[in-house]
Amino acid sequence: MSLEADVSDLWNRYQDGLTAADATDADAAVIDEFLAALEAGEVRAAEKTGDDVTSWEANEWVKRGILLNFGLRETEAREYGGVTYHDVLPLRDTADLGERGTRNTPDGTTIRRGAYLGSDCIMMSPSFVNMGAYVGDGTLVDSCDTVGSCAQLGESVKLGANTLIGGVLEPVEDAPVVIEDGVSLGAGCRVTSGFRVGENSIVGENTLLTPRIPVYDLVEEEVIYGHLPADRRAFTRMVESSVGDHDLFEGGAYKPAVVATHVEEETLEATRREDALRE
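Residues numbered from 1 in each chain as written. Predicted model: local features only at pLDDT ≥ 70, side-chain atom pairs only at ≥ 80, totals over all residues. Heavy atoms only, no water.

A closer look at the overall build of the protein chain
Reasoning step 1: Tallying secondary structure elements over the protein chain gives 5 helices and 26 strands in all.
Reasoning step 2: Taking 2.2 N^0.38 as the reference for a compact globule, 279 residues should give roughly 19 Å; the C-alpha atoms of the protein chain span a radius of gyration of 20 Å, in line with that estimate.
Reasoning step 3: Over its C-alpha atoms, taken along the principal directions, the protein chain stretches across nearly 60 × 50 × 40 Å.
Reasoning step 4: Within the protein chain, contacts between residues separated by at least 24 positions form 40% of all contacts whose residues are at least 6 apart in sequence.
Reasoning step 5: Total accessible area on the protein chain stands at roughly 13,800 Å², and carbon and sulfur atoms take up 46% of it. (Helix = DSSP H or I, 4+ residues; strand = E, 2+ residues; numbered from the N terminus. Rg over C-alpha atoms; globule rule 2.2 N^0.38 Å. Contact = heavy atoms within 4.5 Å. Areas by Shrake-Rupley, 256 points an atom, 1.4 Å probe, with all protein chains shown as cover.)

Concerning the side chain of Thr207
Reasoning step 1: With respect to the secondary-structure elements, Thr207 resides in the loop between strand 20 (202–203) and strand 21 (208–209).
Reasoning step 2: From its side chain, Thr207 meets the backbone oxygen of Gly204 in a polar contact 2.8 Å long.
Reasoning step 3: If sequence neighbours within four positions are ignored, Thr207 has contacts with Gly188, Cys189, Arg190, Ala234, Phe235, Thr236 and Val258. (Polar contact = N/O pair within 3.5 Å; in protein donor to acceptor, adjacent residues only side chain to side chain.)

Quick word on the UniProt feature "domain: Tetrahydrodipicolinate-N-succinyltransferase chain A" (unreviewed entry) in the protein chain
Reasoning step 1: Using the residue numbers shown here, the UniProt feature "domain: Tetrahydrodipicolinate-N-succinyltransferase chain A" (unreviewed entry) corresponds to residues 3–72.
Reasoning step 2: Annotation note: span residues 3–72, helix share 57%, strand share 9%, distance between end C-alpha atoms 17 Å. (UniProt positions renumbered as here; feature names shortened; annotations may be inferred.)

Digging into the sheet that holds strand 7 (residues 116–117)
Reasoning step 1: The strand order across the open sheet formed by 6 strands is 7-10-13-16-19-24, and the pairing between neighbours is parallel. Of all strands in the sheet, those with a lone pairing partner are strand 7 and strand 24 (227–228), marking the two edges.
Reasoning step 2: Note that strand 13 (residues 152–153) and strand 16 (residues 178–179) share 2 bridges and pair parallel. Pairing of Leu153 across the sheet is with Ile179, part of strand 16. (Pairing = 2+ DSSP bridges.)

Observations regarding the sheet that holds strand 15 (residues 164–165)
Reasoning step 1: Taken in spatial order, the 6 strands of this open sheet run 6-9-12-15-18-21, and their pairing is parallel. Both edges of this open sheet fall to strand 6 (109–111) and strand 21, since each of them pairs with a single strand only.
Reasoning step 2: Relative to strand 15, strand 12 (residues 145–147) runs parallel, the two being bridged by 2 bridges. Looking across to strand 15, one finds that Val147 is bridged to Ile165.

Description of the nonpolar core
Grouped burial of nonpolar side chains is what soluble globular proteins tend to show.
Reasoning step 1: Grouped together as the largest cluster of nonpolar side chains are 33 residues, with contacts concentrated most on Val129, Ile165, Ile179, Leu185 and Val191.
Reasoning step 2: For Leu185, the contacting residues outside a window of four places in its chain are Lys158, Leu159, Gly160, Thr163, Ile165, Ile179, Val191 and Val203.
Reasoning step 3: Counting residues in hydrophobic clusters, the runner-up holds 24 residues, among them Leu3, Trp11, Leu38 and Trp61. (Core = buried A, V, L, I, M, F, W, Y, C linked by side-chain atoms within 4.5 Å. Buried < 20%, exposed > 50% of the residue type's maximum accessible area, 1.4 Å probe, protein only.)

Some words on the pairing of strand 26 (residues 254–262)
Reasoning step 1: Pairing geometry for strand 22 (residues 215–217) and strand 26, over 3 bridges, is parallel. Across the sheet, residue Tyr216 finds its bridge partner in strand 26, namely Val259.

With respect to helix 2 (residues 25–39)
Reasoning step 1: The end-to-end C-alpha separation of helix 2 is 21 Å, in line with the 21 Å expected for 15 residues at 1.5 Å each.
Reasoning step 2: Among the residues of helix 2, those classed as buried are Asp27, Val30, Ile31, Phe34, Leu35, Ala37, Leu38 and Glu39.
Reasoning step 3: Of the surrounding secondary structure, the elements contacted by the buried residues of helix 2 are helix 1 (3–15), helix 3 (60–71) and strand 7. (Expected span 1.5 Å × (residues − 1).)

Some thoughts on empty space enclosed by the protein
Reasoning step 1: Scanning all chains against the criterion turns up 2 cavities of 30 Å³ or more.
Reasoning step 2: Approximately 40 Å³ is the volume found for the largest cavity.
Reasoning step 3: What lines the largest cavity is Ala45, Ala58, Lys63, Cys150, Val168, Glu173, Asp174, Ala175 and Pro176.
Reasoning step 4: Of the residues assigned to the lining of the largest cavity, the class counts are 6 nonpolar, no polar and 3 charged. (1 Å grid on protein atoms, 1.4 Å probe; cavity = no way out; pocket = protein on both sides within 12 Å on 5 of 7 lines; lining within 4 Å. Points joined across faces, edges and corners; volume = space filled by probe spheres on them. Nonpolar A, V, L, I, M, F, W, Y, C, P; charged D, E, K, R; others polar.)

Examining the packing of aromatic side chains
Reasoning step 1: Enumeration over the complete set of coordinates arrives at 3 aromatic pairs.
Reasoning step 2: A ring pair is formed by Trp11 and Tyr14, whose centres lie 5.7 Å apart and whose planes are at 50 degrees; its orientation type is tilted. Of this pair, Trp11 and Tyr14 both sit in helix 1, 3 residues apart, which is roughly one turn of the helix.
Reasoning step 3: Measuring from centroid to centroid gives 4.5 Å for Tyr116 and Tyr134, while their planes differ by 20 degrees, and the two rings are stacked. Of this pair, Tyr116 sits in strand 7 while Tyr134 sits in strand 10 (residues 134–135), and the two are 18 residues apart along the sequence.
Reasoning step 4: For Tyr116, a relative accessible area of 12% translates into the label buried. (Phe/Tyr/Trp six-rings, centres within 6.5 Å; stacked < 30°, edge-to-face > 60°.)

Right, here's the structure in full:
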């Protein structure tokens, strides 16, 4: 059978009551093969099916394979850097990263099993890439960044320091966060709950992107939710809230929103990748 069929069969047995204590060596081999396929970039948690950023679709069987690694593994004491920690998974073997010119600096770059990092990536410490995440070629994961479970990052993406890319596992989300090729996220950005950022967009510092916050797209003159179109410059603005006046406070009430405009050439130059860092 194919890996997808093996994972689907194991998922059905898990749903019928299979536990970690009952799992066989053959069952363990299936989820180990699945993790290896994720780390090699052979399977992904989501795929783009069209030209637009809204066309990404989650691969449900991949998400199930990830959940099986929690349901069918026991928590064990493990060692890393002379410290004992407890988890269902070991950390990822990083021997393949050097072969592809990818760097992870010491004392705090943590990559969990089942994560993929492409060629010429840079991971600065401290930072964390979770299981099922895909980090494309030439992408920078800066200090204090978190790339959540199953998040999909394209090529030449820049994550500013202290940026959070949300995952799908807790709370469970239907689809992962997607950051397409050439996107630059300023320091302190938060992208959560399956939000999708179109290619070559530039997002200002401390911007929160989540499906519950409206995006005022001044290019197409529309309000959209859940995604930022390609080639936009986005930043946070406060807009009036429907709460309005209330006896408990004076004045109007406001809520955060995102404003999106055209990307200007000067802004693109300011976020250009520095190839010298990867020579």
